[in-house]
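Next come the chains, spelled out residue by residue.
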Amino acid sequence: MSVTDTLRRPIRDLRISVTDRCNFRCVYCMPKEVFGCDYRFLDRGELLTFEEIARLTRIFTAHGVEKVRLTGGEPLLRRNLERLVAMLAEIPGLDLTLTTNGSLLAKQARALKAAGLKRVTVSLDSLDHAVFAAMNDVDFPVDQVLAGIEEAAAAGLTPIKINMVVKRGANEESVLPMARTFRGTGHILRFIEYMDVGTTNGWRMDDVVPAAEIIARIDAEMPIEPLEANYRGEVASRWRYRDGGGEIGVIASVTQPFCGDCSRVRLSAEGMLYTCLFAMKGHDLRALLRGGASDAAMAGAIAAVWRGRDDRYSEIRSSETIGLHRVEMSYIGG
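Quick look at the structure, then.

So, how was this worked out
- Residues numbered from 1 in each chain as written.
- Predicted model: local features only at pLDDT ≥ 70, side-chain atom pairs only at ≥ 80, totals over all residues.
- Heavy atoms only, no water.
- Helix = DSSP H or I, 4+ residues; strand = E, 2+ residues; numbered from the N terminus.
- Buried < 20%, exposed > 50% of the residue type's maximum accessible area, 1.4 Å probe, protein only.
- Contact = heavy atoms within 4.5 Å.
- Areas by Shrake-Rupley, 256 points an atom, 1.4 Å probe, with all protein chains shown as cover.
- Pairing = 2+ DSSP bridges.
- Salt bridge = Lys/Arg side-chain N within 4 Å of Asp/Glu carboxyl O.
- Core = buried A, V, L, I, M, F, W, Y, C linked by side-chain atoms within 4.5 Å.
- Right-handed = clockwise from strand over helix to strand, strands pointing away.

## Description of the overall build of the protein
So, step 1. Secondary structure summary: the protein contains twelve helices and twelve strands in total.
So, step 2. Counting over 334 residues, the protein shows a buried share of 53%.
So, step 3. Considering only intrachain contacts with a sequence separation of at least 6, the fraction spanning at least 24 residues in the protein is 73%.
So, step 4. Split by element, the accessible area of the protein, about 14300 Å² in all, is 51% carbon and sulfur.

## A closer look at the pairing of strand S10 (residues 264-267)
So, step 1. Where burial is concerned, the two faces of S10 agree: the one with Arg264 and Arg266 and the one with Val265 and Leu267 are both buried.
So, step 2. Inspection of the sheet shows strand S1 (residues 13-17) paired to S10 by four bridges, in the parallel sense. Across the sheet, residue Leu14 finds its bridge partner in S10, namely Val265.
So, step 3. As paired strands, S10 and strand S11 (residues 272-274) are joined by two bridges and run antiparallel to one another. Following the sheet pairing, Arg266 is matched in S11 by Tyr274.
So, step 4. With antiparallel pairing between neighbouring strands as the criterion, S10 and S11 make up a hairpin whose turn holds four residues, including Gly271 at a positive phi of roughly 95°.

## A closer look at the pattern of salt bridges
So, step 1. Enumeration according to the criterion identifies 16 salt bridges in this entry.
So, step 2. Across the pair Arg240 and Glu225 runs a salt bridge, and its minimum N-O distance is 2.7 Å. Of this pair, Arg240 sits in strand S8 (residues 237-241) while Glu225 sits in strand S7 (residues 224-227), placing them 15 residues apart in sequence.
So, step 3. Among the charged side chains, a salt-bridge network with shared partners connects Arg168, Glu173, Glu213 and Arg217.

## Here's the deal with the nonpolar core
So, step 1. Counting 75 residues, the largest nonpolar core has Leu70, Phe191 and Ile218 as its most contacted members.
So, step 2. With six residues, helix H2 (residues 50-61) is the single largest residue contributor to this core.
So, step 3. Not counting residues up to four positions away in its chain, the partners in contact with Ile218 are Val175, Leu176, Ala179, Phe191, Pro223, Ile224, Tyr241 and Ile248.
So, step 4. Counting ten residues, the second-largest nonpolar core is a separate cluster that includes Val165, Tyr194, Val254 and Leu277.

## Concerning the pairing of strand S6 (residues 188-193)
So, step 1. The element S6 is largely enclosed, with a buried count of six among its six residues.
So, step 2. Going residue by residue along S6, you find Ile188, Arg190 and Ile192 tucked away on one face and Leu189, Phe191 and Glu193 tucked away on the opposite face as well.
So, step 3. Where strand S5 (residues 161-166) lies against S6, six bridges are found, and the strand directions are parallel. What sits directly across from Ile162, in S6, is Leu189.
So, step 4. This β-α-β element, S5 to helix H7 (residues 175-182) to S6, shows right-handed connectivity.
So, step 5. Bridge count between S6 and strand S9 (residues 247-251): four bridges; the pairing is parallel. Note that in S9 the partner of Ile192 across the bridge is Ile251.

What follows is the structure, given as structure tokens:
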């Protein structure tokens, strides 16, 4: 019996953080007084090597994983990232993707494509630079991100997904301009409810713009209709423009939790395995790797973690979860 047969549901999606460094502070890892210039990032020796990441990925894919997403921090800050991409691209049947803030994408898109990367997802919360900067505390312009999207499309890293986190009082007025801009481009714009990931972003329920409101705003100007999910456990509900102008997605993990269909695990830059975006603790795979564990032993350890998971944070989000210390988005990626 394979490890997959022992799991309640096979792990389908592995998200790998390749760096704990980020060249901007997103809405998940603010405030700047926590993640400022003096913040201690991991020493190089604490990070998984490319060889260790590739070995772990092979173990995961041999037992059910079909998709691997490289995240961060900001993954394009990892030196020689295209070498890791080439190593992972050698694994048969793997859907290899990457999520980035786009600031370095224009410079690296063609090399990443040549190495075997298939697609990219770009985080972009507004087309208005003042709003964009306020949301993300950045020192690079929106045009730099848009140039990265353009270069990625030219390189063939398509379809490109563009993630917009929507926060009440911050950027909800950017929803329609974003929809207008990317409609008809072939890119898939996805709106994400502002989430209480980690404990440092000052999240309040009042900050959430519900998915239903986002859909209504768009539908009032550009009529849309629902689409079937591509697969069970897809986090984004899919919608298409009735005139054929393309597709959008909405991720409603706050107002419409989907814990029961989750098939994702996350691997931090130094080898901690997390079974939930809102996890309070991880499981140390690096110690097994560097302690001489066989592939079979590693696979068994992963299966045991997955079988024992009882993550339902988004379903029980309430007084039960207030005050819990959760892992930060900057640490395990999206």
